[in-house]
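Coordinate analysis (summary)
Here are the chains, one letter per residue:
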Amino acid sequence: MKLFGTTTSPYVRRVRVVAAELGEPIDWVNTATEAGQAALREVSPIRKVPVAIVDGRTLFDSRVIIDWLTTTRGHGELAPPRDRFRELNQVNAVDEALLSVLQLFALRRDGVAIDGNPFAQRQLDRADAIFQWLGKELSPRELGLPQLSVICALDWMDFRSTYPTERAEGLAAVRAAWRDRPSIASTLPHT
Ligand SMILES: N[C@@H](CCC(=O)N[C@@H](CS)C(=O)NCC(=O)O)C(=O)O
């Protein structure tokens, strides 16, 4: 699979974790470079990562790529969804928390003074509520897409210091349970 991405993105990381779990080799295109960005614009009108070219298809979104991989390669040792719609809700909740915190990160990086304003507070409140809910939803005993997505999200928030992840206390056990798994440990965010 050709994978366009960065070593910092939590969405790219979840695809890398699944690829590692399933033994899917990655032909990496680093989009943190000018050349990588140009290559990304050639393959995706969305211009976000991850993008995968796999089995002759170009897929634009982490969840779509993972769906393709698990549908065509199986789940390996990952927990398959037992209740598909419950799992979709859980992963969607992770993505909403990520989107809220990513927006704050992107605005700050572009020099927009957002700290303390009502928009920023709403995003942080949303992330708090989502992580509290997920803490009650997710079992640390299995590694499925919701668990690995929340691990990638919280590790990214620590890496970028964008959200105080100690507030997601209900998810500490999920993080601790899988921290040393090779697919998780080998994909930690870095610049
Ligand atoms: N729904 C997408 C979200 C992907 C996404 O937001 N990627 C970020 C990197 S963490 C990105 O490429 N952002 C570039 C931009 O906003 O211009 C997925 O799950 O793949």
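All residue numbers refer to position in the chain's written sequence, counted from 1. Only residues with pLDDT of at least 70 are given local features in this predicted model, and only at 80 or more are side-chain atom pairs given and counted; all residues enter the totals for whole chains, interfaces and linings. Values shown for side chains rest on all heavy atoms present in the structure; no hydrogens or waters enter the calculation.

1. Observations concerning the site of the ligand
- Neighbouring residues are identified by heavy atoms, a residue being near a molecule or strand if any of them is within 4 Å of it. Surrounding the ligand, one finds Ser9, Pro10, Tyr11, Lys48, Val49, Pro50, Asp61 and Ser62.
- Polar contact is the term for a pair of N or O atoms within 3.5 Å; when the atoms are in protein, one must be able to donate a hydrogen and the other to accept it, and sequence-neighboring residues count only if both atoms are side-chain atoms. One of the backbone N or O atoms of Val49 is found 2.8 Å from a nitrogen atom in the ligand.
- Interatomic distance of 2.6 Å between a side-chain N/O atom of Ser62 and an oxygen atom of the ligand.
- When its residues are assigned to classes, the shell around the ligand shows four nonpolar, two polar and two charged. In the scheme used here, Gly and all other residues not listed as nonpolar or charged are polar, with Ala, Val, Leu, Ile, Met, Phe, Trp, Tyr, Cys and Pro taken as nonpolar and Asp, Glu, Lys and Arg as charged.

2. Details of the sheet that holds strand 2 (residues 27-30)
- Strand order across the open sheet formed by four strands is 2-1-3-4, with mixed pairing between neighbours. On the outer flanks of this sheet lie strand 2 and strand 4 (57-59), each paired with one strand and no other. If you compare each strand with its neighbour and ignore which way they point, the axes differ by 15 degrees on average.
- Sheet topology note: the strand 3 (residues 51-54)/strand 4 ladder contains three bridges and is antiparallel. Opposite Ile53, over in strand 4, you have Thr58 as the bridge partner.
- Its contacts with the sheet put helix 1 (residues 10-22) on strand 1 (2-5) and strand 2, and the angle it makes with strand 1 is roughly 155 degrees. What makes two strands pair is DSSP finding at least two bridges between them. Runs of H or I in DSSP of at least four residues are treated as helices and runs of E of at least two as strands, each being numbered from the N terminus. Helix axes use the C-alpha atoms of the stretch in contact, all axes being lines fitted to C-alpha atoms, and the angles between their N-to-C directions lie in the range 0 to 180 degrees. The contact criterion used is simple: two residues touch if any of their non-hydrogen atoms lie within 4.5 Å.

3. Describing the pairing of strand 2
- Judged from the four bridges that link them, strand 1 and strand 2 form a sheet pairing that is parallel. Following the sheet pairing, Lys2 is matched in strand 2 by Asp27.
- Crossover handedness is defined by viewing with both strands directed away from the observer: a clockwise path from the first strand over the helix to the second marks the crossover as right-handed. Taking the sense of rotation as the criterion, the β-α-β connection linking strand 1, helix 1 and strand 2 turns out right-handed.

4. Description of the domain arrangement of the protein
- Each domain of the protein was delimited in the assignment, giving domain 1 (2-73) and domain 2 (84-185).
- Taken together, the contacts link 11 residues of domain 1 with 22 residues of domain 2.
- Using a 1.4 Å probe, buried area is obtained as the accessible area two parts lose upon being combined, added over both of them. Approximately 1,400 Å² of surface area, both sides summed, lies buried where domain 1 meets domain 2, with 58% of it carried by carbon and sulfur atoms.
- The salt bridge criterion pairs a side-chain nitrogen of Lys or Arg with a carboxyl oxygen of Asp or Glu, the two atoms within 4 Å. The residue Arg14 makes a salt bridge to Asp95 at a minimum N-O spacing of 2.6 Å.
- Where domain 1 touches domain 2, the interface holds seven residue pairs in polar contact (both at pLDDT 80 or more).
- Every element with two or more residues in the side of domain 1 that touches domain 2 is listed here: helix 1 and helix 3 (62-73).
- In terms of residues, the side of domain 1 that touches domain 2 owes the most to one element, helix 1, which gives eight residues.
- Taken together, the residues that form the side of domain 1 that touches domain 2 break down as six nonpolar, one polar and four charged. Domain start and end points were adopted from an automatic or database domain assignment.

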